[in-house]
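An overview of the molecular structure
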Amino acid sequence: MLTNIFLNSAPLTTSLFFIMGAFVVFQILFAGVRLIFKVLKKSIDKYVLRSILGIIYILVLLLIMQITIRGRGQSWIYINFQLVSIIFYTIILSVPSKYHLFTPIVIAFMFFNSSFTSWESWCSGIVLLIFYYSLNYIKNNTKSKFPFFLYFTVSFISGFLYWFFIKIKYAINTPTFFQQVIYLGIIELFTFGYIAILYTDVESRAALFRDATHDKLTHAYNYDAFDVDFRSLFKDNILSDGKFTMMMFDIDHFKHINDTYGHLAGDKVLQTIVDVVQNVLADNDENIKLYRTGGEEFNIIFPHYQVQDTQVIVKKIFEAVNHTEVDVGQERIHITISVGVSEISKKDVSVNDFYSRVDKALYHSKRNGRKEITII
């Protein structure tokens, strides 16, 4: 906790470092709890976990602060952090509406501070609620990914009004009042700047992830993503006997399409097939992934599916693609695919054993006239 020496000698600097530390500690705490759930093999939505953990974290921090200053002369010393905690609660946590507890939290703190008889406390409480709902409104009703100046303007005005009622309640002198308001403005600039950097970093990492795991032409997952997921599921099967099935297919006579209509036509065929297959998967199970693992070769992994459970979806994909036609200029290309399907077996010692069996099923379809499904 902050010491009186640091608070008195460098309150702004101390507050900035404290806020940064609070954000970092929460990220570490969140990562640690997620790891615990993963080790225990407990499934939980990470956004729900983040919201619940964040609410508990900020409440514990605020409660500890209130206890340390309760009954003392400068009981308003953590006001700026309280205001920043609303920004944390609203923007960083992005708490879903069904978990919104802000109004009861404000009332609970008023009760804790014995402030029910203070009109100034009721006014400042109303300002906090307006501040909170204003941030939520901005977050949900602006097209900008991060409306920095709008957030800051609303935050500063709300903070000024909040400090105004605190000034009256605790008879704070005017120089101290304006000093704290200026400190608040600087802290809010710092906070929103930090959040803006986080948003930019997340977008950059998301873009890098997409580039690293997705095929640039079709936007299906690429071979690298397939290799990681395939090996992970294979390992899970060894450890916990978790079944999964794989479908492999490629486009019949794709070389002929390229040679006859050109590579741009071939690219259009690939993109069309991926769109068709993704639509089928989205209508059935979004956990099933499509990978482009070669030029005209694709794999689909069905996690936790036995082979008989995949047959309906495999047939839908097969029929949807085989009824697809691609217009290229004045020509119309009719597409067909050959398919191989197999389920992991206890006899599979390595990933190559399983992969080779699915590959064998595919080539059985190709050698037997194409436009066929072979299940091994």
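Structure's up top.
Now for a quick tour of the structure. (Residues numbered from 1 in each chain as written. Predicted model: local features only at pLDDT ≥ 70, side-chain atom pairs only at ≥ 80, totals over all residues. Heavy atoms only, no water.)

Sheets are built from strands that pair by backbone hydrogen bonding, the pairs being arranged parallel or antiparallel. Judged by pairing direction, the sheet is mixed, and its five strands sit side by side in the order 2-3-1-6-7 without closing on themselves. Looking at the sheet topology across the chains shown, the edges are occupied by strand 2 (289-292) and strand 7 (373-375). Ignoring which end each strand starts from, the neighbouring axes of this sheet average 20° apart. Pairing of strand 1 (residues 244-251) with strand 3 (residues 297-303) involves seven bridges; the strand directions are antiparallel. Counted as the bridge partner of Met-248 is Asn-299 from strand 3. (Pairing = 2+ DSSP bridges. Helix = DSSP H or I, 4+ residues; strand = E, 2+ residues; numbered from the N terminus. Axes fitted to C-alpha atoms, helices over the stretch in contact; angles between N-to-C directions.)

Moving on, we get to the pattern of salt bridges. In the structure shown here, the tally under the stated rule is nine salt bridges. Linking Arg-292 and Asp-215 is a salt bridge whose minimum nitrogen-to-oxygen distance equals 3.2 Å. Residue Arg-292 is located in strand 2, and its partner Asp-215 is located in the loop between helix 8 (174-213) and helix 9 (223-240); the two are separated by 77 residues in the primary sequence. Each of Glu-325, Asp-327 and Arg-332 takes part in one network of salt bridges that share partners. (Salt bridge = Lys/Arg side-chain N within 4 Å of Asp/Glu carboxyl O.)

For the rest of this paragraph, the subject is the environment of Asn-136. Mapped onto the elements, Asn-136 comes out in helix 6 (residues 119-141). Considering only alpha carbons, one finds Asn-136 and Ile-87, 49 residues apart in sequence, at a separation of 9.8 Å.

The next point concerns unusual backbone geometry. A positive phi is found at His-219, a non-glycine position, where the angle reads about 70°. A positive phi angle is found at His-253, which is not glycine, with a value near 55°. Topologically, His-253 is positioned in the loop between strand 1 and helix 10 (254-261).

This next bit is on the side chain of Arg-357. Along the chain, the position of Arg-357 falls in helix 13 (residues 351-367). On the basis of relative accessibility, which here comes to 18%, the residue Arg-357 falls in the buried class. Sequence-distant contacts of Arg-357, that is, excluding residues within four places in its chain, are made with Ser-342, Glu-343, Ile-344, Ser-345, Asp-348 and Ile-376. (Buried < 20%, exposed > 50% of the residue type's maximum accessible area, 1.4 Å probe, protein only. Contact = heavy atoms within 4.5 Å.)

End to end, helix 13 covers 24 Å across 17 residues, agreeing with the expected 24 Å (1.5 Å per residue, within 8%). Immediately downstream of helix 13, the backbone of Gly-369 shows phi near 100°, a positive value. (Expected span 1.5 Å × (residues − 1).)

Of all hydrophobic cores here, the largest spans 53 residues; its most connected members are Phe-81, Leu-83, Phe-88, Ile-91, Trp-163 and Phe-192. Listed by contribution, the elements that provide at least two residues to this core are helix 2 (11-39), helix 3 (46-69), helix 4 (79-92), helix 5 (102-112), helix 6, helix 7 (148-170) and helix 8. Take this core: its biggest share by element is ten residues, from helix 4. Once you skip the residues sitting within four places of it in the chain, Phe-88 turns out to touch Phe-23, Phe-26, Gly-54, Tyr-57, Ile-58 and Leu-93. Counting residues in each nonpolar core, the second largest holds 33 residues, with Met-247, Val-277, Val-280 and Val-326 among its members. (Core = buried A, V, L, I, M, F, W, Y, C linked by side-chain atoms within 4.5 Å.)

In this section: helix 7. Helix length check: helix 7, at 23 residues, gives a terminal C-alpha distance of 32 Å against a target of 33 Å (1.5 Å per residue), a fit within 8%. Of all the residues in helix 7, the buried ones are Tyr-151, Phe-152, Val-154, Ser-155, Ser-158, Gly-159, Tyr-162, Trp-163, Phe-165 and Ile-166. Following helix 7 by one or two positions, Ala-171 adopts a phi angle in the positive range, close to 55°.

Moving on, we get to a nonpolar patch on the surface. Taken together, the side chains of Ile-52, Ile-56, Val-60 and Ile-64 make up a nonpolar region of the molecular surface, amounting to roughly 320 Å² of accessible area. Mapped onto the fold, Ile-56 is located in helix 3. Classification of Ile-56 as partly exposed rests on a relative accessible area of 48%. (Patch = residues over 30% accessible without salt bridge, like charges linked within 9 Å, V, L, I, M, F, W, Y side chains within 5 Å. Areas by Shrake-Rupley, 256 points an atom, 1.4 Å probe, with all protein chains shown as cover.)

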